[in-house]
Amino acid sequence: MADDIPRYRPYHHPAGGWGAAAATAKVLMEQSVVTKGSRALLSMNQPGGFKCSSCAFPDADCKKTLEFCENGVKALAHEATKFRVTRDFFAEHSVSALMEQSDYWLEMQGRLTEPMRYDAASDHYVPISWDDAFRTIGDHLRALDHPDQAEFYTSGRTPNEAAFLYSIFVRQFGTNNFPDCSNMCHEPTSRGLQPVIGVGKGTVVLEDFEHAEAIFIIGQNTGTNSPRMMTNLVEARKRGVPIVAVNPMPERALMKFTEPQDVVQMATFGSTEITSEFVHIRIGGDLAFLKGIMKVIFEREAAGETVIDHAFIAEHTVGMEAVRAEVEDQNWADIVEASGLEEAQIRRCAEIYIRSRATMICYGMGITQHQQGSRLVQQIANLLFLKGNFGRPGAGISPIRGHSNVQGDRTVGIDEKPTPAYLDRVREVFGFEPPRAFGHHAVETVEAMRRGEVKVFIGLGGNFIRAMSDTPRAYDAMRTVGLSVGIATKLNRSHLVHGREALILPVVARSEWIRTSAGEQFVTIEDSMSNVTASRGVLEPAGPDLLPEVEIVCRMARATLPDSHIPWESYVEDYGLIRDKIGEVYPAIYADFRNRITVDKGFHLDVPPRRRVWNTPNGKANFLVLPGLAANDPVADPAMLRLATVRSHDQFNTTIYSYNDRYRGVYNDRMVVFMNAQDLADRGLESGSAIALETISSDGVERRVEGLTALDYPMSRGSIAGYYPELNPLLPLDYYDRISGTPAAKSIPVRVVASSGA
Ligand SMILES: Nc1nc2c(c(=O)[nH]1)N[C@H]1C(S)=C(S)[C@@H](COP(=O)(O)OP(=O)(O)OC[C@H]3O[C@@H](n4cnc5c(=O)[nH]c(N)nc54)[C@H](O)[C@@H]3O)O[C@H]1N2
Ligand SMILES: Nc1nc2c(c(=O)[nH]1)N[C@H]1C(S)=C(S)[C@@H](COP(=O)(O)OP(=O)(O)OC[C@H]3O[C@@H](n4cnc5c(=O)[nH]c(N)nc54)[C@H](O)[C@@H]3O)O[C@H]1N2
Ligand SMILES: [Mo]
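An unreviewed UniProt entry annotates the protein as Formate dehydrogenase of Caulobacter mirabilis. Turning to the protein, the UniProt annotation filed under Sequence similarities (unreviewed entry) states: "Belongs to the prokaryotic molybdopterin-containing oxidoreductase family."

J.: So what exactly am I meant to see when it comes to the site of ligand 1 here?
T.: By nearness alone, 32 residues border ligand 1, and Asn247, Glu251, Asp286, Gln651 and Asn653 come closest of all. Within the side chain of asparagine 247, a nitrogen or oxygen atom sits 2.7 Å from an oxygen atom of ligand 1. At a separation of 2.6 Å, a nitrogen atom of ligand 1 approaches a polar side-chain atom of aspartate 286. Compared with its free state, where it exposes 930 Å², ligand 1 has 99% of that area covered by protein.

J.: Before we go on, may I ask you to explain the UniProt feature "domain: Molybdopterin oxidoreductase" (unreviewed entry) in the protein in this structure?
T.: When the UniProt feature table is mapped onto this chain, "domain: Molybdopterin oxidoreductase" (unreviewed entry) is found at residues 111-471. Taken as a whole, residues 111-471 contains 47% helix and 13% strand, while its terminal C-alpha atoms sit 25 Å from one another.

J.: Quick question: what am I supposed to make of the pairing of strand E29 (residues 704-712) here?
T.: Sheet faces and side chains relate simply in a regular strand, where the side chains alternate between the two faces. Pairing between strand E27 (residues 672-675) and E29: 4 bridges, direction parallel. The residue of E29 that forms the bridge with valine 672 is threonine 709. By the bridge criterion, 4 bridges tie strand E28 (residues 690-695) to E29 in an arrangement that is antiparallel. Within E29, the residue paired with glutamate 694 across the bridge is arginine 704.

J.: Just to check I follow, could you spell out the UniProt feature "domain: Molybdopterin dinucleotide-binding" (unreviewed entry) in the protein for this structure?
T.: The UniProt record annotates "domain: Molybdopterin dinucleotide-binding" (unreviewed entry) at residues 641-748. For residues 641-748, the helix share is 6%, the strand share is 32%, and the end-to-end C-alpha distance is 8 Å.

Rules and cut-offs
- Residues numbered from 1 in each chain as written.
- Chains lettered and ligands numbered in written order.
- Predicted model: local features only at pLDDT ≥ 70, side-chain atom pairs only at ≥ 80, totals over all residues.
- Heavy atoms only, no water.
- UniProt positions renumbered as here; feature names shortened; annotations may be inferred.
- Near = heavy atom within 4 Å.
- Polar contact = N/O pair within 3.5 Å; in protein donor to acceptor, adjacent residues only side chain to side chain.
- Areas by Shrake-Rupley, 256 points an atom, 1.4 Å probe, with all protein chains shown as cover.
- Helix = DSSP H or I, 4+ residues; strand = E, 2+ residues; numbered from the N terminus.
- Pairing = 2+ DSSP bridges.

Written out as structure tokens, the structure is:
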């Protein structure tokens, strides 16, 4: 981009609309896949087609002829790209040279095409046959003193069939070490909700949007990260449903949105105001906000009004009195201070909640990525219980998941803390004794590496070491490993920061077909609302040497467990056989999987709280207290700012599509820090000042990121934001939610320091 074009220009248009249409065309052109990509788009989220890999939000039962969004198109275009990473590419670039390149550059090189092995003598990746690659993995795993010396990571694009077999293979091998992208993401939902409603999943389905009388969206950037949900929000708004958005950043799409699919709005440059109440919360202030609303409810009850659903409370719940006592103890001055909000606004939100007979609360990383992430999720449930907002149309809790199959992978066994009941089923169905000891989550995996205890790391998808906290220390940790394996579509940092030996194994992507001796195969995924659907790729695989993830898992299993009586070879050919086994291990939800999946729109996995059935130890819905108002440990330093690391509009996690973030008005730069004007002025800074950020921590490690530009942005006071993964060096490995293991990536205590490079 030319230097005379300003890098920072506020975006005044509604989100979506023509800006999205233009971005869609641009990315198809950049990846040189206009015709192929456009053809494939006609099959995305359609019966007989494949599922969009960009997010976990459900698609609308084929109601619309074209259910896709700008960011879905980016995901597809980057997958269908005409660019290729070949053996010649690796011959040309040493690993050290590749390390100098940006994440964006690595992504833009295109699809991986053949298995490669790291050659330490030359510092290059060199070709290896598939047979030798599997032999290498098998040899390393069989040589371990104990299976717990290996770590088996999963990222949430992996489909159910591959994830299920992976969980069986690894357990037969003998460990529960299943670090997962979910451990950095919605694990606070999985762990936090389990004791509260008996299942670690959301309870809302798509139709509920049509019945909701109020929708809260807390800490979730809908227009960028689950754009298909915008359709539901627009429809709800048009019905006059109040929408409350709680966010330290006034995210553009939550303010004004033009539906690219709405011909009239497009033609007239019209738009819909999405948020009726924008709650400009301080980072981590959500606990105070939720308690403020509950306090109003309890006040009104004390004054003789009936606002609580007493019948629901009496029949279904335990523990409300303890929550009431704790909430009543909080005073307004503290609530106002901790939330950064005015009491009057909290009262308005309480009024919206009280008036609504069916409220849905959606939330994302702005809730989960705090030190108290799991218990924050529980507070959302507390609020919903008060008015019986479970098991009624239009009501419920709605975690908006990230990766398109992250929920599914967890459902089919990717779990470092498996339940005894599940392990018993595995033993019965597969006839081996699975390990009972809990395994490592993501943070524990890096800690184990740092102690030198990990000999093998296998990454089924994802970019583990780039997504993790404490970048330099995470890199050092990975380099202690004997063998690291990346099973991937694209080259990424985790292939360059590797063990003494390393493999890159290229896979067939979601949009591509899988043909075996038994004919064309399909895979299945589970979306954020527990719908299971089939996904059939329509494009020719990016190269003749790619293997499907299912086959890679089966061949790793065979190479590692030569005596295993599990028929791995037959699963490679016929994915229906895998689904039969899933049905046997999970009869309550997956019985008759084979037949139920033949219906175009798939089927819904039973979520008992939707029927007001609570599979908790006491058979009730449980109110749980989180004392106080702080979602994170207090920090004494008066110069402290809370940093949220967030996604731009042009990235998918560690995959950087471009350096622009249109809705936030940033172009050609990712090294920016969004700051409130007063926070800038207090530090003698102005918009455009060069700064560095330094983490405030007591472990004696200096964590600093240089080369940042401070931007005047309407952030709430004391709250700043910048981009992940560039700012991950500021996130201490030890800074995470103890219940779920999820790094507190939205509330890093930092201070601004002068940039030494300035
Ligand atoms: N295009 C695209 N789609 C994606 C992804 C992607 O990278 N790109 N990633 C996928 C994945 S894996 C996930 S998990 C989801 C992530 O989707 P989101 O949950 O939307 O994730 P983030 O962009 O990290 O930001 C969350 C929001 O939380 C706000 N926030 C920060 N701190 C706080 C706080 O203390 N309180 C409140 N109330 N809000 C806060 C931020 O301002 C931001 O708007 O999206 C998925 N979909
Ligand atoms: N500071 C900070 N850190 C964070 C977050 C944050 O908000 N702030 N968010 C966290 C969250 S929510 C998440 S989910 C994690 C994400 O962590 P990961 O899931 O590990 O990371 P991704 O960037 O999604 O992984 C991208 C890589 O996946 C591979 N890939 C893509 N499609 C496929 C496929 O179909 N099959 C296979 N086998 N591989 C494929 C490609 O090679 C690509 O390079 O990051 C976490 N880290
Ligand atoms: Mo995520």
